[in-house]
Amino acid sequence: MNFDDTPQEAAFRAEAKAWIAANAPKQYEDELRKSSLGRLVLSGANVLDVAKAWQKKKADAGWACLHWPKEYGGRGSSPIERVIWQQEEGEFGKLSRVFIIGHGMCGPTMMAYASEEQKRHYLPPLASGENIWCQLFSEPAGGSDVAGLRTRAERDGDDWIVNGQKIWTSGAHYSDYGILITRTDPTVPKHKGLTMFFLDMKSKGVEIKPIKQANGQSEFNEVYFTDVRIPDSQRLGKVDDGWNVSLTTLMNERMSIGASVATGFPELFDYCSNLMLDDGLAIDDRAVRAKLANWAVRASGLKYTAFRSISALSRGERPGPENSIGKLVAGSMIQEVATYALDLQGAAGVVSDPAQAEIEGKFQAMLLRSPATRVEGGTDEILRNIIAERVLGLPGDIRVDKDVPFNKIPTKGRG
Amino acid sequence: MNFEFSDDQKQLRDQARRFLAEKCPPKAVRAVLEGNALYDKALWQGLAEMGFLGVAIPEEFGGTGAGHLELCVIAEEMGRALAPVPFSSTVYLAAEALMLAGSSEQKQKWLPKIASGEAIGTLALFEGTGNPSPQAVKLSAANGVLNGVKKPVADGAIADFAIVAARNGSSGRETDIALYLVDLKAGGVEAKTLANLDPSRNQAELHFKDCKAEPLGAANEGWSILSRVLDRAAVLMAFEQVGGADRALEMGRDYALDRIAFGRPIGSFQAVKHMLADMYVSATLARSNCYYGAWALSTNAGELPEAAATARISATQAFQHCAKNNIQVHGGMGFTWEFDCHLYYRRSNALALGLGSLSYWEDQLIDRMRKKNAA
Ligand SMILES: Cc1cc2nc3c(=O)[nH]c(=O)nc-3n(C[C@H](O)[C@H](O)[C@H](O)COP(=O)(O)OP(=O)(O)OC[C@H]3O[C@@H](n4cnc5c(N)ncnc54)[C@H](O)[C@@H]3O)c2cc1C
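Residues numbered from 1 in each chain as written. Chains lettered and ligands numbered in written order. Predicted model: local features only at pLDDT ≥ 70, side-chain atom pairs only at ≥ 80, totals over all residues. Heavy atoms only, no water.

K.L.:
Before we move on, can you summarise the overall build of chain A with the specific residues and values?
P.N.:
Each helix and strand in chain A was counted, giving twelve helices and ten strands. Relative to a compact globule of 415 residues, whose C-alpha radius of gyration would be 22 Å, chain A shows 23 Å and is just as compact. The dimensions of chain A, computed from C-alpha atoms along their principal axes, are 75 × 60 × 45 Å. In chain A, which comprises 415 residues, the proportion classed as buried is 51%. Total accessible area computed for chain A in this model is approximately 18900 Å², and 52% of it derives from carbon and sulfur atoms. Positive and negative charge centroids in chain A, built from 51 and 54 side chains respectively, lie 3 Å apart. (Helix = DSSP H or I, 4+ residues; strand = E, 2+ residues; numbered from the N terminus. Rg over C-alpha atoms; globule rule 2.2 N^0.38 Å. Buried < 20%, exposed > 50% of the residue type's maximum accessible area, 1.4 Å probe, protein only. Areas by Shrake-Rupley, 256 points an atom, 1.4 Å probe, with all protein chains shown as cover. Lys, Arg positive; Asp, Glu negative; His and termini not counted. Charge placed at Lys NZ, Arg CZ, Asp CG, Glu CD.)

K.L.:
Requested: an account of the domain arrangement of chain A, with residues and values cited.
P.N.:
All names here are of chain A. In terms of domains, chain A is made up of domain 1 (7–127), domain 2 (133–245) and domain 3 (260–378). Relative to domain 2, the C-alpha centre of domain 1 lies at a distance of 26 Å. Facing the 15 residues of domain 1 at the interface are 16 residues of domain 2. Summed over both partners, the interface of domain 1 with domain 2 buries about 1500 Å², with 67% contributed by carbon and sulfur atoms. Inspection of the domain 1/domain 2 interface yields one salt bridge. Note that Arg97 and Glu219 form a salt bridge whose closest N and O atoms lie 3.9 Å from each other. Our count for the contact surface shared by domain 1 and domain 2 stands at two residue pairs in polar contact (both at pLDDT 80 or more). Elements supplying a minimum of two residues to the side of domain 1 that touches domain 2: α5 (100–113) and α6 (116–127). (Domains from an automatic or database assignment. Contact = heavy atoms within 4.5 Å. Buried area = accessible area lost by both parts, 1.4 Å probe. Salt bridge = Lys/Arg side-chain N within 4 Å of Asp/Glu carboxyl O. Polar contact = N/O pair within 3.5 Å; in protein donor to acceptor, adjacent residues only side chain to side chain.)

K.L.:
Tell me about the site of the ligand, and please be specific about residues and values.
P.N.:
For the ligand, the set of nearby residues contains 19 residues, the closest of which are Ser144, Trp168, Thr379 and Glu381 of chain A together with Gln270 of chain B. Near the ligand, residues from chains A and B are present, making the site a shared one. Here Ser170 of chain A contributes a side-chain N or O atom positioned 2.7 Å from a nitrogen atom of the ligand. For the ligand, whose free accessible area comes to 960 Å², the fraction covered by protein is 69%. Those elements giving two or more residues to the shell around the ligand turn out to be β3 (159–170) and α12 (380–391) of chain A. Here the shell around the ligand takes three residues from β3 of chain A, the largest share from any one element. (Near = heavy atom within 4 Å.)

K.L.:
Give a detailed account of the pattern of salt bridges, specifying residues and quantitative values.
P.N.:
Going through the model one piece at a time under the given rule, you end up with 53 salt bridges over all chains. The partner of Arg369 of chain A in a salt bridge is Glu376 of chain A, and the shortest N-O contact between them spans 3.2 Å. Residue Glu205 of chain B pairs with Lys151 of chain B through a salt bridge whose shortest N-O separation is 3.9 Å. Placement of the pair is Glu205 of chain B in strand β7 (residues 203–212) and Lys151 of chain B in strand β3 (residues 145–154), with a sequence separation of 54 residues. Given the relative accessible area of 34%, Lys151 of chain B is considered partly exposed.

K.L.:
Explain the side chain of Thr90 of chain B to me, and be specific about the residues and the numbers.
P.N.:
Residue and element names in this part refer to chain B. Following the sequence through the fold, Thr90 ends up in helix α5 (residues 87–101). Its relative accessible area of 0% is what places Thr90 among the buried residues. A polar atom in the side chain of Thr90 sits 2.7 Å from the backbone oxygen of Pro86. At 3.3 Å, the side chain of Thr90 forms a polar contact with the backbone nitrogen of Gly121. Beyond its immediate sequence surroundings of up to four residues, Thr90 is in contact with Trp44, Ala95, Ile114, Ala119, Ile120 and Gly121.

K.L.:
Could you give an account of the interface of chain B and chain A, naming the residues involved and the relevant values?
P.N.:
Of the residues lining the interface, 45 residues belong to chain B; the matching set on chain A comes to 49 residues. Both sides of the chain B and chain A interface together cover about 4300 Å² of buried area, and 64% of this is carbon and sulfur. Here chain B is connected to chain A by six salt bridges. Between Asp284 of chain A and Arg370 of chain B there is a salt bridge; the shortest N-O distance is 2.5 Å. At the surface where chain B touches chain A, the tally comes to 21 residue pairs in polar contact (both at pLDDT 80 or more).

K.L.:
I'd like a description of the side chain of Ser77 of chain A, backed by residues and values.
P.N.:
Residue and element names in this part refer to chain A. Structurally, Ser77 can be placed in the loop between α3 (47–60) and α4 (79–89). A residue is classified by how much of its surface remains accessible, and Ser77, at 9% relative accessible area, is buried. For Ser77, the contacting residues outside a window of four places in its chain are Phe12, Leu66 and His67.

K.L.:
Which residues make up α3 of chain A, and what are the values?
P.N.:
Residue and element names in this part refer to chain A. The terminal C-alpha atoms of α3, which comprises 14 residues, lie 20 Å apart, in line with the 20 Å expected from a rise of 1.5 Å per residue. Taken together, the buried positions of α3 are Val50, Ala51, Trp54, Gln55, Lys58 and Ala59. End-on view of α3: buried residues confined to an arc of 165°, all on one side of the axis. Along its buried surface, α3 packs onto α1 (7–23), α4, α5 and α6. Among the residues of α3, the N-terminal cap falls to Asn46, whose side-chain oxygen and the backbone nitrogen of Leu48 are separated by 2.7 Å. (Expected span 1.5 Å × (residues − 1). Arc of directions from axis to C-beta.)

K.L.:
Kindly report on unusual backbone geometry, identifying the contributing residues and their values.
P.N.:
Trans peptide bonds make up the majority, and among non-glycine residues the majority have a negative phi. Of note, the amide linkage connecting Lys151 of chain B to Pro152 of chain B takes the cis form, showing an omega dihedral of -10°. You will see that Ile359 of chain A, though not glycine, has its phi angle at about 30°, which is positive. By the element assignment, Ile359 of chain A lies in the loop between α10 (325–345) and α11 (362–373). The backbone of Asp210 of chain B sits at a positive phi, close to 45°, despite the residue not being glycine. One can find Asp210 of chain B in strand β7.

K.L.:
How would you sum up the packing of aromatic side chains? Please name residues and give values.
P.N.:
This structure, assessed with the given rule, holds 36 aromatic pairs over all chains. Between Tyr292 of chain B and Trp295 of chain B, the ring centres sit 6.2 Å apart and the planes meet at 10°, which makes this aromatic pair stacked. Here Tyr292 of chain B pairs with Trp295 of chain B, and both are found in helix α8 (residues 270–299), just three residues apart, close to one helical turn. Relative accessible area serves as the criterion here: at 2%, Tyr292 of chain B is assigned to the buried category. On the basis of relative accessibility, which here comes to 13%, the residue Trp295 of chain B falls in the buried class. Grouping aromatic residues by their ring pairs yields a cluster made of Phe3, Tyr304 and Phe307 of chain A together with Phe3, Phe5, Phe239, Tyr291, Tyr292 and Trp295 of chain B. When the ring centre of Trp110 of chain B is taken as reference, the NZ or CZ atom of Lys113 of chain B above it lies at 5.5 Å. (Phe/Tyr/Trp six-rings, centres within 6.5 Å; stacked < 30°, edge-to-face > 60°. Lys NZ or Arg CZ within 6 Å of the ring centre and 35° of its normal.)

Okay, here's the thing in structure tokens:
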């Protein structure tokens, strides 16, 4: 049992470290360190521009999407090298946020289902950040129950014509392409009539409306489709087999286990180490210490669970549903941590103005963004279901709509 | 990175699990619980024959010299099986103290006997309510003679020798505390069994009256040795707790699959599924923290104090969480003497207190993290 790199891994780490030291946008390092969930501000610069420039620089030197094959813009690295890269990239990794969906979900789906020519055409600019991709799955009718989606795609010669609405689409407003799941046959049970496509977000008939979020920011959007034409050549997988294609997408998401989910704990520990309360430092207070210790062991548990998964990866094992615990634990934890940090501030905790608030309003921003973590990419309840069913082997929920043709499923809860 | 046990270590685990399944079924735990014996002698001998009592003891002192990672593996299995034997007292506390601070004579005398199952050892630290602290040690040492009372002492009524924390100075500093080795069969000590939460393990009160004792380690280093022993034991105990947590989770899961209510397995109700999922989360976080502890223990890393406290807290929480919710999953059956749920409930709560309670370790953890950050 050890945390040591193999000689090969150590050489790779040294190379990555040296390249990052020579090339990373150092001028933003401090602000990146201070940023947290819900707040990423780079003074005098547009975050998206800085993120794209860094991604492009990495790609030009062969450090983008490391685990992708070279011909698609990657480096052909092992999963473990990807993890090492992420460890070394450190704070600068926060600039990758806008690429997570494209690199983690859309890219791998394209790799599994697009033609060779398409892969060579679309994947390199996706890897280099020149193109940003989004994931058009959730709809007003279905997020957890995504198979309940209603956006229709109907065949018209060599094209498909798409009508309907997606919602909660992160980054649609700055995305160039998207992967889109649609209903192609409403007369069969819901999982059986779905088909996946990719499309140009500038296609005629695509309308994007940013949604103002509860925290005041606008990261996600509504996307409307009105007679949007998609060539059949942009279909991913077989007609009506979109559910299985989407499972590939979600399974690939698990490969990104190296990227740890924020817990807020290191920030809280630092804060309590410096915060003066009436009778001394917060960290000397017994009640504070008990709380900190509880979060400390959860944060540490997540870290070493990830290390175990990385070890399994390096032995060539595939990450399984047990990786659901990362977001499940971190999501509710960051919310509790932020709430507690404000509790320590007393009435002043209510002030969120960065110019006035404690540590520039970091915990206030965290508090307001944290509910989303427990919803996006699978809610806490869905993650518990996954653990219960696929790790512990408990029965699936009773599904009243499983064998019912989609167009016969009731659509209203009451009345 | 290789943050896993090796194939050989996994084989050892399988071997230990098979051995304990055969020699330590719940029936054996109950025999001690119900007062038929103070511990399971046949099991103890069996463990010695398997070499499990001496895995971390060097060969020159009669052990197999395998190491502490191997001991972690066995500790987990002991916890799973709720083994009703003085394993933690003898192996995590007494043997570790001897290996850390014993003279070569002391090691030569006791370690081979531990490995062979001939000697049971323990640590006599607590003196009533409270957590480990130098101030709480009142038992006095003068001219190699001890006077005072220790309670509770785990396995105190069955131990052959004890490592005793005693006060031999009055400066008010922790250097007043020294450790002594006492042959409990040589007179001067009276042991009385105490009724306790988990009668499958012995707890006793030890009265020392003009009891002869030999020093263990340097006189002014008692507390620092003891702290290191407690850290090492905390990691090993955490593995025991994780073993128990995993088994309690499995019991809950199995029952949820078999028990029918409202025409369906109770494991199909989300309230039950999610309760079990949360138990899995606790047990998994604890296991990962234990691996961190195992790494620190086996490499003598500078991080051991922090890793030990982390593993200890996490595993305590996980075992208590899994054991109590296992009862909940079982409904009324969970509250019967006949079902085994209460055995895990009892053990989880007893282990939570044995080396100092949760709040003590929480406090320790934060101190240690601060020290590390300051350094
Ligand atoms: C910040 C953010 C970014 C997002 N980005 C994207 C994106 O880029 N692309 C995209 O496609 N989607 C995105 N989503 C959507 C996200 O995947 C869904 O919001 C999520 O899956 C939940 O679906 P829903 O909103 O329809 O809620 P619902 O599914 O209606 O859930 C409401 C409540 O019911 C519970 N519930 C539902 N089903 C069950 C069940 N079977 N058992 C128990 N409880 C259940 C849920 O846990 C939740 O508490 C994003 C969401 C957020 C918040």
